[in-house]
Amino acid sequence: HPTALFGVGILERDDMTRHDHTTEFLPAERAPAPALAEQRHAVSRSPMLPLLLDAVAEAVVILNDRRQIVYANRAFLELASDPGRVIGQRPGDALSCLRAVESLNGCGTTRFCRACGASRAIAGALNGHRRVEECRIIRINSAPEAALDLRVVATPFTHKGHEYVIFALTDIADEKRRDVLERLFLHDVGNTASIIHGAADMIADLEPREPEPVPHLVTLLNTASRRLLDEIASQRELAHAESGELSTHVEPLDTRTILMELMRMFKAEGLKRERKLVLAAETVSVAMSSDPTLLARVLANMIKNALEAAPPEHTVTVGCRRLGEGVQFTVHNPGVMPEAVQLQVFQRSFSTKGPGRGLGTYGMRLITERYLGGTVDFLSRPGAGTTFYATYPLHLETTAGDQPA
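What this report covers is the structure whose coordinates are included nearby. (Residues numbered from 1 in each chain as written. Predicted model: local features only at pLDDT ≥ 70, side-chain atom pairs only at ≥ 80, totals over all residues. Heavy atoms only, no water.)

**Structural notes on the side chain of Thr 283**
Here's step 1: Looking at where Thr 283 falls in the secondary structure, it is placed in the loop between β7 (276-279) and β8 (287-290).
Here's step 2: Those residues in contact with Thr 283 that sit more than four places away from it in its chain are Arg 256, Leu 259, Val 318, Gly 319 and Cys 320. (Helix = DSSP H or I, 4+ residues; strand = E, 2+ residues; numbered from the N terminus. Contact = heavy atoms within 4.5 Å.)

**Side note on the nonpolar core**
Here's step 1: Residues Leu 295, Phe 329, Phe 388 and Tyr 392 are the most contacted members of the largest nonpolar core, which totals 48 residues.
Here's step 2: Listed by contribution, the elements that provide at least two residues to this core are α9 (215-243), α10 (255-267), α12 (292-309), β9 (315-323), β10 (326-333), α14 (360-371), β11 (375-381) and β12 (385-393).
Here's step 3: With 9 residues, the top contributor of residues to this core is α12.
Here's step 4: Those residues in contact with Phe 388 that lie beyond four places of it in its chain are Met 302, Phe 329, Thr 330, Val 331, Met 337, Val 345, Phe 346, Thr 361, Met 364, Val 376, Asp 377 and Phe 378.
Here's step 5: Counting 30 residues, the second-largest nonpolar core is a separate cluster that includes Ala 72, Leu 77, Ile 87 and Cys 116. (Core = buried A, V, L, I, M, F, W, Y, C linked by side-chain atoms within 4.5 Å. Buried < 20%, exposed > 50% of the residue type's maximum accessible area, 1.4 Å probe, protein only.)

**Section: a nonpolar patch on the surface**
Here's step 1: On the surface, a nonpolar cluster with roughly 310 Å² of combined accessible area is contributed by Met 48, Leu 51 and Leu 52.
Here's step 2: Relative to the helices and strands, Leu 52 resides in helix α3 (residues 49-55). (Patch = residues over 30% accessible without salt bridge, like charges linked within 9 Å, V, L, I, M, F, W, Y side chains within 5 Å. Areas by Shrake-Rupley, 256 points an atom, 1.4 Å probe, with all protein chains shown as cover. Salt bridge = Lys/Arg side-chain N within 4 Å of Asp/Glu carboxyl O.)

**Things to note about the packing of α10 against α12**
Relative placement of two packed helices is described by the angle separating their axes and the distance separating the axes.
Here's step 1: Packing of α10 against α12 brings their axes to within 11 Å, and their N-to-C directions diverge by 50 degrees. As far as their axial angle goes, α12 and α10 are oblique. Crossing of α10 over α12 shows right-handed handedness. Two secondary-structure elements touch here, α10 through Ile 258, Leu 259, Leu 262, Met 265 and Phe 266 and α12 through Leu 295, Ala 296, Leu 299, Ala 300, Ile 303, Lys 304 and Leu 307.
Here's step 2: Taken together, the residues of the contact of α10 with α12 break down into 11 nonpolar, no polar and 1 charged. (Axes fitted to C-alpha atoms, helices over the stretch in contact; angles between N-to-C directions. Parallel < 35°, antiparallel > 145°, perpendicular 65-115°, else oblique. Left-handed = near helix turned anticlockwise from the far one by under 90°. Nonpolar A, V, L, I, M, F, W, Y, C, P; charged D, E, K, R; others polar.)

**Details of the packing of aromatic side chains**
Here's step 1: For the structure shown, the criterion picks out 3 aromatic pairs.
Here's step 2: Their ring planes at 65 degrees and their centres at 6.2 Å tell us that Phe 329 and Tyr 392 sit as a pair that is edge-to-face. Here Tyr 392 lies in strand β12 and Phe 329 lies in strand β10, a separation of 63 residues in the sequence.
Here's step 3: Exposure remark for Phe 329: the relative accessible area of 1% places this residue in the buried category.
Here's step 4: Over the face of the ring belonging to Phe 112 we find Arg 99, whose NZ or CZ atom lies 3.7 Å from the ring centre. (Phe/Tyr/Trp six-rings, centres within 6.5 Å; stacked < 30°, edge-to-face > 60°. Lys NZ or Arg CZ within 6 Å of the ring centre and 35° of its normal.)

**Let's talk about the state of the cysteines**
Here's step 1: The final tally for this structure, using the stated rule, is 0 disulfides.
Here's step 2: With no disulfide partner, Cys 113 has as its closest neighbouring cysteine sulfur the one in Cys 107, 5.8 Å distant. (Disulfide = S-S within 2.5 Å.)

This is the structure:
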């Protein structure tokens, strides 16, 4: 098996680089290299286990009681960022999970891991319980497949006196995409189409003597048809962005003008009528160059999310300012996101809006970072509310879309 070729020297070096055992969730300590090597050989020499695990299509690893990989099947090695270094790593480390890479002690030890289905499943299995969870991973240096949607199963077992976990990962990205499309086209788009159809019927039923359709019906048709086209365009752009096929068209822009146009667009929406949407007093006009369609898509999504999150009769404030050699857009609402939401807000399939949603903030970050050369972040805390920040260069290079996510 390929894992039999991986030297213990790598394990020793990886183990010795971690002296600080600080953790914000699961224990950070790792097994000493000799113990890890012994576990690896014991599992690899099992008569049937390697053969059975290599025969399945799912990615499967065997973890020791420190959550380190002691065996990986061929499907997992194909998924791993560096197949030659998986032994001794934890699953998130081997998959280049963004959160694991950010931490010295890696997978399972960050505050974000508290909301991770993989970490929860493994912890449950180490306590003797089989667990099934869903896991969303944002990977680094892996464009265009920068996000993984996984169903993970962690099963405890004992082998030669040692406790292990069989950890299986199934790609459910297609399932999640299908859920989103079903929700979008069977619910959101279906409702919008019903509004258009109803308004058209009312216009058709008008008395012949009436010289023109009632103005409010025309407005309703215009708003609903624009919403329908916008939903379809949004999904198309996201699909192209994930596949690396989205192209940018850079034009001169004025930041204040963009925000004013978006505010006018939301004026006719029902959410806007229940909440106030205002321009921050300190907003400035900044000349920049970027892709107007993609930039407007990101900012509109920020505003829409804030309007949905803000309680009725409350105010959402949008603004922009010059920031060094760039420009920063802000959208603020008075609500505060729970910590569990904050930890997952940019994950691909996570949403507080129910099944089949969750492409909004993920799409905002994907388009901003991969195609517009910027960053998206947020701050949410009691007393201050929630503010999303989108920061962009003053002048976008036309090659921004070629950069990895």
